[in-house]
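Residue-level structure breakdown
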Amino acid sequence: MAQDGAAPPSGASTARPEPGWARWWARRHRVADWLLAAAFLPWTGLMLVGEPHGLLGLPALAAVGIAAPVGSTAGVLLALHTAWGALTLGAAVSTVVLFRRTRPRLMFGAATATLLGYGDIGMAALALFTYAAWYDDRRRLGLWAAWLTLCTLAVYTVGGPITAPAASSMLIMFYGMPLAVGLWIGTRRVLIANLRERAERLEHEQHLLADQAITAERTRIAREMHDVVAHRVSLMVLHAGGLEVSAPDERTAQSAGLIRTTGRDALAELRDILGVLRDEPEASAPTAPQPVLADLAHLVDDWRAAGLSVDSSSAGTPVALPAQTERTAYRTVQEALTNAAKHAPGAPVRVYLHHRPDILEITVDNAPPPAGSAAEAPPSSGYGLAGLRERVVLAGGELWSGPLPHGGWRVGAALPVARRDRGATEAAE
């Protein structure tokens, strides 16, 4: 609620109003102002034409009416003058009513003037109701109520005899009831505003707590990865470097050098990922270029150097592909080669890319492991193909995998050359 002299809240949302009934509901207070202003136009005329009290109810006016009989020229002129005065005064009062929620002092001034002028108690009742409903300064409200009560008693006591029960009933009806209703509406508005503010604050605090929990979990994961994975890979790189220096033959030195280089690359990528997970202000996303189809040759050469027999071929005319599609194609081949080396060590692998006008097909086949290769397989999480499937689906393609008739395994993917918009695809279907 607003203080005296300040513009109170209009009740309308600052956001763009919804069409239909919501638009009218947002403007309900302004509509009520116009309806009350229109209602006070005939009300003012009735109060003037009836039995006015106050200054306009002096016996001199009655004497003028007696001196000008009905039907005479003076009587017609007096009637026209009275009608014009009532219309002008009613328009002025209605204009003041339009600003009842933003100009409380003007409203009370007009209520005092109309009350002392012709005993209009309705304007005073509306002023008390509006102030009680829209403003929270109860001390000034009490002063205004006492002032209007004294003016009312003075006007109606001087204008004619009035009994105590009649005065009490009039004050309760025109002042007590509007005050009670206005105070209830104002209290309810303040309560709703406080509840809304509290709900928004609690929602904001909940988001902050969720963000803190996410940050703490990411930091914990980064710490665990650093303590476990980075430590193990660092030891592997150190041992591979020592083996490369003291290797008895050239082949062993080359293998140790490959292990050392691969481990250092893995440490660099892991360090970038840990920086993102820690969500530190100085940390940034990995700046190394993401792998694309042009890097497949280097990937295949690395696996060949590691002892895997890989045959790579392609068909069709390569075209420019989206960056996400090229990264997905690279990760598909990478995951398939990793699974082949893990589950079928020593078996030959065939990588085949078929470039079509609208689809890029990727097929990676591996033969069954040769007899006698009973080396211990490295630990597996079981989520490689699941994560790869999600990546392919996000790129708008399809992934399939399964055994071959001769006992091998195939991983295949079909990626669209141009990324399809999911909403447009659903609309077309």
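Read on for an overview of the structure. Note that this is a predicted model, so its numbers are computed, not measured.

What to know about the overall build of the protein chain
Assigned secondary structure in the protein chain consists of 13 helices and five strands. Per-residue burial over the protein chain gives 30% buried out of 429 residues. Across the protein chain, contacts joining residues at least 24 apart in sequence account for 69% of those joining residues at least 6 apart. For the protein chain, the accessible surface area stands at approximately 26,600 Å², while carbon and sulfur atoms represent 63% of it.

Topic: the pairing of strand 5 (residues 409–416)
Within strand 5, six of the eight residues are buried, which leaves the element mostly enclosed by the surrounding structure. Pairing analysis gives eight bridges linking strand 3 (residues 359–366) to strand 5, with the strands arranged antiparallel. Within the sheet, the bridge partner assigned to Val364 lies in strand 5 and is Val411. Pairing of strand 4 (residues 398–403) with strand 5, which is carried by six bridges, proceeds in the antiparallel orientation. In the strand pairing of strand 5, Leu399 is matched with Ala413. The antiparallel pairing of strand 4 with strand 5 creates a hairpin that spans five residues between the two strands, and Gly407 there sits at a positive phi of about 105 degrees.

Quick look at the pairing of strand 3
Within strand 3, six of the eight residues are buried, which leaves it mostly tucked inside the rest of the structure. Bridge count between strand 2 (residues 349–355) and strand 3: seven bridges; the pairing is antiparallel. The residue bridging Val351 from the neighbouring strand is Val364, located in strand 3. Linkage of strand 2 to strand 3, two consecutive antiparallel strands, is achieved through a turn of three residues.

Focus: the packing of helix 11 (residues 323–343) against helix 12 (residues 384–394)
As a packed pair, helix 11 and helix 12 sit with axes 10 Å apart at the nearest point and diverge in direction by 160 degrees. Taken together, the axes of helix 11 and helix 12 are roughly antiparallel relative to one another. For the element pair helix 11 and helix 12, the recorded crossing hand is left-handed. Of the residues in helix 12, those in contact with Gln324, Thr328, Arg331, Thr332, Glu335 and Asn339 of helix 11 are Gly384, Leu385, Leu388, Arg391, Val392 and Leu394.

Some remarks on the environment of Leu116
If you trace the backbone, Leu116 turns up in helix 5 (residues 104–118). Here Leu116 falls in the partly exposed class, since its relative accessible area comes to 35%.

Some points on helix 10 (residues 296–305)
Residues of helix 10 that are buried: Leu296, Leu299 and Val300. Summarising the axial view, the buried residues of helix 10 lie within an arc of 95 degrees, below the 170-degree limit, and thus occupy one face. Taken together, the buried residues of helix 10 touch strand 1 (310–316), helix 11 and strand 2.

Examining the nonpolar core
Val97, Met123, Leu128, Leu148 and Tyr175 are the most contacted members of the largest nonpolar core, which has 34 residues in total. When contributions to this core are tallied by element, the ones reaching two or more residues are helix 2 (28–49), helix 4 (73–98), helix 5, helix 6 (121–134), helix 7 (138–159) and helix 8 (164–245). The leading source of residues in this core is helix 6, at 10 residues. Leave out the neighbours within four places in its chain, and Val97 touches Asp33, Leu36, Ala37, Phe40, Met123 and Leu126. Counting 27 residues, the second-largest nonpolar core is a separate cluster that includes Leu293, Val333, Val351 and Val417.

Brief notes about helix 11
Between its first and last C-alpha atoms helix 11 spans 30 Å; for 21 residues at 1.5 Å apiece the expected length is 30 Å, and the two agree. Listing the buried residues of helix 11 in full gives Thr325, Glu326, Thr328, Ala329, Tyr330, Thr332, Val333, Ala336, Leu337, Asn339, Ala340 and Lys342.

A word on the packing of aromatic side chains
Where two aromatic rings form a pair, the distance of their centres and the angle of their planes describe that pair. Evaluated as defined, the whole model comprises three aromatic pairs. Where Phe108 meets Trp144, the ring centres are 4.3 Å apart and the plane angle is 5 degrees; that geometry is what we call stacked. Here Trp144 lies in helix 7 and Phe108 lies in helix 5, a separation of 36 residues in the sequence. Looking at Phe108, the relative accessible area reads 1%, which means it is buried. What makes Trp144 partly exposed here is its relative accessible area of 23%.

Considerations on the sheet that holds strand 4
Pairing is mixed across the open sheet formed by five strands, whose spatial order is 1-2-3-5-4. At either end of the open sheet lies a strand with only one pairing partner, and these are strand 1 and strand 4. The average undirected angle you get between the axes of adjacent strands in this sheet is 10 degrees. With seven bridges joining them, strand 1 and strand 2 adopt parallel strand pairing. Opposite Ser314, over in strand 2, you have Leu353 as the bridge partner. Across the sheet, helix 10 touches strand 1 and strand 2, and the angle it forms with strand 1 is around 160 degrees. Strands in contact with helix 12 are strand 4 and strand 5; relative to strand 4, the strand with the most contacts, it is inclined by about 150 degrees.

The rules behind these values
- Residues numbered from 1 in each chain as written.
- Predicted model: local features only at pLDDT ≥ 70, side-chain atom pairs only at ≥ 80, totals over all residues.
- Heavy atoms only, no water.
- Helix = DSSP H or I, 4+ residues; strand = E, 2+ residues; numbered from the N terminus.
- Buried < 20%, exposed > 50% of the residue type's maximum accessible area, 1.4 Å probe, protein only.
- Contact = heavy atoms within 4.5 Å.
- Areas by Shrake-Rupley, 256 points an atom, 1.4 Å probe, with all protein chains shown as cover.
- Pairing = 2+ DSSP bridges.
- Axes fitted to C-alpha atoms, helices over the stretch in contact; angles between N-to-C directions.
- Parallel < 35°, antiparallel > 145°, perpendicular 65-115°, else oblique.
- Left-handed = near helix turned anticlockwise from the far one by under 90°.
- Arc of directions from axis to C-beta.
- Core = buried A, V, L, I, M, F, W, Y, C linked by side-chain atoms within 4.5 Å.
- Expected span 1.5 Å × (residues − 1).
- Phe/Tyr/Trp six-rings, centres within 6.5 Å; stacked < 30°, edge-to-face > 60°.

Spatial relationships are all this shows, so hold off on functional conclusions.
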